[in-house]
Amino acid sequence: MAFSPDGRQFWPVLGLDRFRQVVPDLRQYQLEQTACDAITVRLVCAPEPPDIQLRMLQKVLEQALEYPYRWTWQVQATELPLTGSGKFEEFMCSLADTGPNR
């Protein structure tokens, strides 16, 4: 689940195809909510996308998540790891407390 700063909880609806329209070389992505108003975006692609593509991707994400989060970008050429259970999570929430006052 994702959380908006106003306390709303929701399942983020994202899609690799939408992201590839902006970043054609994108192979994999993962978002991690690290604070109620902050998300880290991990992208697997080579070459690294130019800033204009990242800004365009940010707009796509803000529309999908309905909030202008603070964004941190991490770009790498190697695949992202699976969870301990062998699954790949496109969205993770690492907020320590998911109560209303996070």
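What you are looking at is a predicted structure, and each value in this text was computed from that prediction instead of being measured. (Residues numbered from 1 in each chain as written. Predicted model: local features only at pLDDT ≥ 70, side-chain atom pairs only at ≥ 80, totals over all residues. Heavy atoms only, no water.)

**Q** Please explain the overall build of the chain as it appears in this structure.
**A** Secondary structure summary: the chain contains 2 helices and 6 strands in total. Moving toward the C terminus, one meets the helices and strands of the chain in the order β-β-α-β-β-α-β-β. What you see for the chain is a C-alpha radius of gyration of 14 Å, in line with the 13 Å of a compact globule of 102 residues. If you line up the chain on its principal axes, its C-alpha atoms span 40 × 30 × 20 Å. When burial is assessed residue by residue, the chain has 37% of its 102 residues classed as buried. In the chain, once contacts between residues fewer than 6 apart in sequence are set aside, the share between residues at least 24 apart is 63%. Roughly 6000 Å² of accessible area belongs to the chain as shown, and the carbon and sulfur atoms make up 50% of that amount. Here the chain carries 10 positive and 13 negative side-chain charges, and the mean point of each set is 1 Å from the other. (Helix = DSSP H or I, 4+ residues; strand = E, 2+ residues; numbered from the N terminus. Rg over C-alpha atoms; globule rule 2.2 N^0.38 Å. Buried < 20%, exposed > 50% of the residue type's maximum accessible area, 1.4 Å probe, protein only. Contact = heavy atoms within 4.5 Å. Areas by Shrake-Rupley, 256 points an atom, 1.4 Å probe, with all protein chains shown as cover. Lys, Arg positive; Asp, Glu negative; His and termini not counted. Charge placed at Lys NZ, Arg CZ, Asp CG, Glu CD.)

**Q** I'm lost on the packing of aromatic side chains in this one. Help?
**A** The geometry of an aromatic ring pair is captured by two quantities: the separation of the ring centres and the angle between the planes. Counting across every chain of the model gives 4 aromatic pairs. Their ring planes at 70° and their centres at 4.8 Å tell us that Y67 and Y69 sit as a pair that is edge-to-face. Residue classification places Y67 among the partly exposed positions, given a relative accessible area of 26%. Pairwise contacts between aromatic rings join Y67, Y69, W71 and W73 into one cluster. If you follow R8 out to its NZ or CZ, it ends over the ring of F10, 4.5 Å from the centre. (Phe/Tyr/Trp six-rings, centres within 6.5 Å; stacked < 30°, edge-to-face > 60°. Lys NZ or Arg CZ within 6 Å of the ring centre and 35° of its normal.)

**Q** Any chance you could explain the sheet that holds strand 5 (residues 70-76) here in plain terms?
**A** In sheet architecture, strand pairing relies on hydrogen bonds along the backbone and comes in two forms, parallel and antiparallel. With mixed pairing, the 4 strands of this open sheet are ordered in space as 5-4-3-6. For this open sheet the edge positions go to strand 5 and strand 6 (91-93), each flanked by a neighbour on one side alone. Pairwise comparison of adjacent strand axes, ignoring direction, gives a mean angle of 20° for this sheet. Pairing of strand 3 (residues 26-35) with strand 4 (residues 38-45), which is carried by 8 bridges, proceeds in the antiparallel orientation. Residue pairing in the sheet places Q28 in a bridge with V44 of strand 4. Together, strand 3, strand 4 and strand 5 form the strand contacts of helix 2 (residues 51-65), whose direction differs from that of strand 5 by roughly 125°. (Pairing = 2+ DSSP bridges. Axes fitted to C-alpha atoms, helices over the stretch in contact; angles between N-to-C directions.)

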